[in-house]
Structures are given as structure tokens and as C-alpha cells.
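Residue strings, one per chain:
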Amino acid sequence: MTDEHGPGRVTAEFREVYGTEPGGVWAAPGRVNLIGEHTDYNDGFVMPLALPHTCLAAASPRADGVLRLHSGDVPGGAVELRVEELSPVAGGAGGGDRGGWAAYPAGVVWALREAGLLTGAAGGADLHFASTVPTGAGLSSSAALEVVTATALNDLYGLGLTPPRIAQLCQRAENAFVGVPCGIMDQMASACCTEGHALFLDARDLTQRQVPLDLAAEGLRLLVVDTRVKHELGDGAYASRRAACEAAARALGVRALRDVPFEGLDATLTELERLGCDAATRRRVRHVVTEDRRVEEVIERLDAGDTRSIGPVLTAGHASCRDDFEISCDELDLVVATANAAGALGARMTGGGFGGSAIVLVAEGDAEAVSKSVTEAFGAAGHRAPRIFPAVPSAGARRL
């Protein structure tokens, strides 16, 4: 991390905003998802990795129940709230889209208080944030903001929360307070990932395994291509996909689509048709069931030391996101098609979809040529130039 975005800079900015020294500085990363899209809220499998890009928070506790939130990335002064008055109905920061950016950290404080972890005047704090996680890129900038808030308050108030519990509370904040029906993956990735590994997570019971992912040692690079197409998961498209999955599970009499066996998928799709489920819902089911299987395939290949061979699995995952779950867009499809034609080992959209980023697995020696091809294709199509950078598996939330 450069000094420009390091703890010294954030400490100085906290001092400028609040006139005192912070009690500490914490960091929580954004993430990319290697494989396993829209499977987490279906109790399935995911495999994210943390990025070196982080949201930093300088923070100090307060004893008067006042919560002050300031971002170095958003114009304006500190948002001031009272902890005891936080509610999902009010959206925390008042007005606009559930309170804008401040609703995310405010929601975390609300979730901690609702869980009985902050009582009386406890929970008040001064927080200053600065982030290098690109917003609107599908890289979980909101989860990083939530997790760094919870991690700081956990330390400041001695709450004794484990990283998985922090992730659960942050998901609760985003679901109930902000109003985005996300699954658990983004928060778990930000809280629990470790350097040099991808996180294999079972979203049902939160069991996890750190899977070694040393791409450089194998002569490989994983590129993130930020299409710079902004997406908003709260606009109903994400919620409609989740509702379709839950409706299909109810029709099948299973707890979640995780419980539909891959081997019996064709029979399941036939049964859904008999039950009156429309073709779009059946496609959603096919994506989730085959995507869970793709996560298992990637795990098997990584465990066998054959990282190169995961490329076609990534590309197959993109086709499923595009055709069955229908969450891709022209820019994402262009990245995948161009990168693969230029010699990439595989590529896919990553994140919630409807814009955001794609990932591209390349041999180290081909990275520059593939990046150039994608950038030129965007120019020829009249799109803004994409932002391309390597995804280096990094550490999860921590005190600096």
C-alpha cells in the first residue's frame, strides 16, 4: 500500500476532521470471486480471494452514543447520528437511497446493537474512511466498508467477535438496514481471506478452507478487467434472481437449490416444468446447480496442482451467467470473448453482474498482449477504456 493511502495518511486525515488522535487504523479488502456466482444465497459453494485494494478506517470510541462518519472519498462533512436512533426504516443517514454511503457503516452499528453487543451509550464512535477499492466495479467496496467498521468496533469495544461472526453481522446490516438482499460471500471474503489463498466457502454452514493460490509460481496471472460500467444491486434485478431461486426451491420442496443434485439436474428441470415454473426460472436453477459443480471442479484441479486447467471452467461459468442467469452485459461479454481469442486460458464475469468486472486467467507472458487486445476492442466498440490490474490473493480484515 502506498503512503498516499496508508495508515499515516488516514491518521492525519482523522486528526484534521475530528481534532483528536484516532484509537487505531484498520483495513478490510475488496474481493474478486474466482468461481461460484449467485450460489451463496442458495446455500452453495463459492471461492473468492481478497484484493490488495482496501478500505481503511481510523476510529475512536465515544461515550455519548454519537456516531460520526466521514469519508475522504465523498465530498462533504461528517455525517452525525445517534446510535439509539438508528433504524432500517430511517436508513440511518436520512434521505436519498437509504442514506447513501453512510448507511453501510451505520447499518453495522445498528446490527451490533440489535445483537446485544452494544448497550447503553456504547457504540458511539468517530470514524474516518478512505478506500482504494473501486466502487461500482463488482469488487465488494460496500462489504469492505462494512467489515472494516465492524472490525474496528470489535477491537475498540472488546466484543470478542470472530471473523465469520463479523461477516454475518455485516451481511445482516446490508440485508436489513441498507436493503440489499446479498448473500454472505462478500463479507466472508473481506473478513476471512488470507494472503496467497482463495477461500473455499460452504455458504450453508460457513465451513471454509484456505486453498493455496500462488499464480506467480506457476507462471500465471489473474487479471481484473473493470469495465467501468456502474451497476446497482439494489435496483431489483438482483432481488428478482434471488426470488426466482427461492421460489424454485419451494416448488421442489428443498431447503435451497444447493440440495438439487447435479446428477439429477435434467429430471429436476423436467419436474419444474411439470409444476408450472417458467423457462426463465428453470434456467436460473440450471445455472445455480451447474455453478456449484464448477466450484467443485476448480477445487479438484487446484488440489491436483493443475491451475492452468481451470481456465475452461471459468469460461463455462461465464456462459452460464450470460445465458442461464442473464446477468452479463455487452461489455463483460466483450472482455471474455476478446481475451480468450487473444490467448487467455479462460475468462468470466465476476460479482453480481449487470456491469462491473471480469477476470481473465493468462500465462504471465501473454498478460500484456491480452490486456492490449481488450483495451483496443473497447475502443473499437466506443466504450470507455477499461481499468485492468492483477488480482493478487491478499489478507483479510486486520488492524494495521
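Residues numbered from 1 in each chain as written. Predicted model: local features only at pLDDT ≥ 70, side-chain atom pairs only at ≥ 80, totals over all residues. Heavy atoms only, no water.

The chain has the name Galactokinase in an unreviewed UniProt entry, where Streptomyces rapamycinicus is given as its organism. In its Pathway (unreviewed entry) section, UniProt records this for the chain: "Carbohydrate metabolism; galactose metabolism." According to UniProt, the comment filed for the chain under the heading Sequence similarities (unreviewed entry) is "Belongs to the GHMP kinase family. GalK subfamily." (UniProt positions renumbered as here; feature names shortened; annotations may be inferred.)

### A word on the packing of aromatic side chains
Counted under the stated rule, the structure contains 5 aromatic pairs. Seen from their ring centres, F14 and Y18 are 4.8 Å apart, and the 55° between their planes marks the pair as tilted. In this pair, F14 and Y18 are both assigned in helix 1 (residues 7–18), 4 residues apart and thus about one turn of the helix distant. Judged by centre distance (6.0 Å) and plane angle (75°), the ring pair of W101 and F129 falls under edge-to-face. Placement of the pair is W101 in the loop between strand 4 (79–82) and helix 2 (103–114) and F129 in strand 5 (residues 125–131), with a sequence separation of 28 residues. For F129, a relative accessible area of 2% puts it in the buried group. (Phe/Tyr/Trp six-rings, centres within 6.5 Å; stacked < 30°, edge-to-face > 60°. Helix = DSSP H or I, 4+ residues; strand = E, 2+ residues; numbered from the N terminus. Buried < 20%, exposed > 50% of the residue type's maximum accessible area, 1.4 Å probe, protein only.)

### Some points on the pattern of salt bridges
Considering all chains together, one arrives at 27 salt bridges under this definition. Its salt-bridge partner being R204, residue D43 comes within 3.0 Å of it at the nearest N-O pair. Within this pair, whereas D43 is found in the loop between strand 1 (24–35) and strand 2 (45–61), its partner R204 is found in the loop between strand 6 (197–202) and strand 7 (208–212), the two being separated by 161 residues in sequence. Under the relative-accessibility criterion, R204 is labelled partly exposed at 24%. A salt bridge links E84 to R82, with the nearest nitrogen and oxygen atoms 3.8 Å apart. (Salt bridge = Lys/Arg side-chain N within 4 Å of Asp/Glu carboxyl O.)

### Here we look at the layout of surface pockets
Approximately 160 Å³ is the volume attributed to the second largest pocket. Forming the boundary of the second largest pocket are F45, L257, R258, V260, P261, F262, E263, V289, D292, R293 and E296. With 4 residues, helix 8 (residues 279–303) is the largest single contributor of residues to the lining of the second largest pocket. Split into classes, the residues belonging to the lining of the second largest pocket amount to 6 nonpolar, no polar and 5 charged. (1 Å grid on protein atoms, 1.4 Å probe; cavity = no way out; pocket = protein on both sides within 12 Å on 5 of 7 lines; lining within 4 Å. Points joined across faces, edges and corners; volume = space filled by probe spheres on them. Nonpolar A, V, L, I, M, F, W, Y, C, P; charged D, E, K, R; others polar.)

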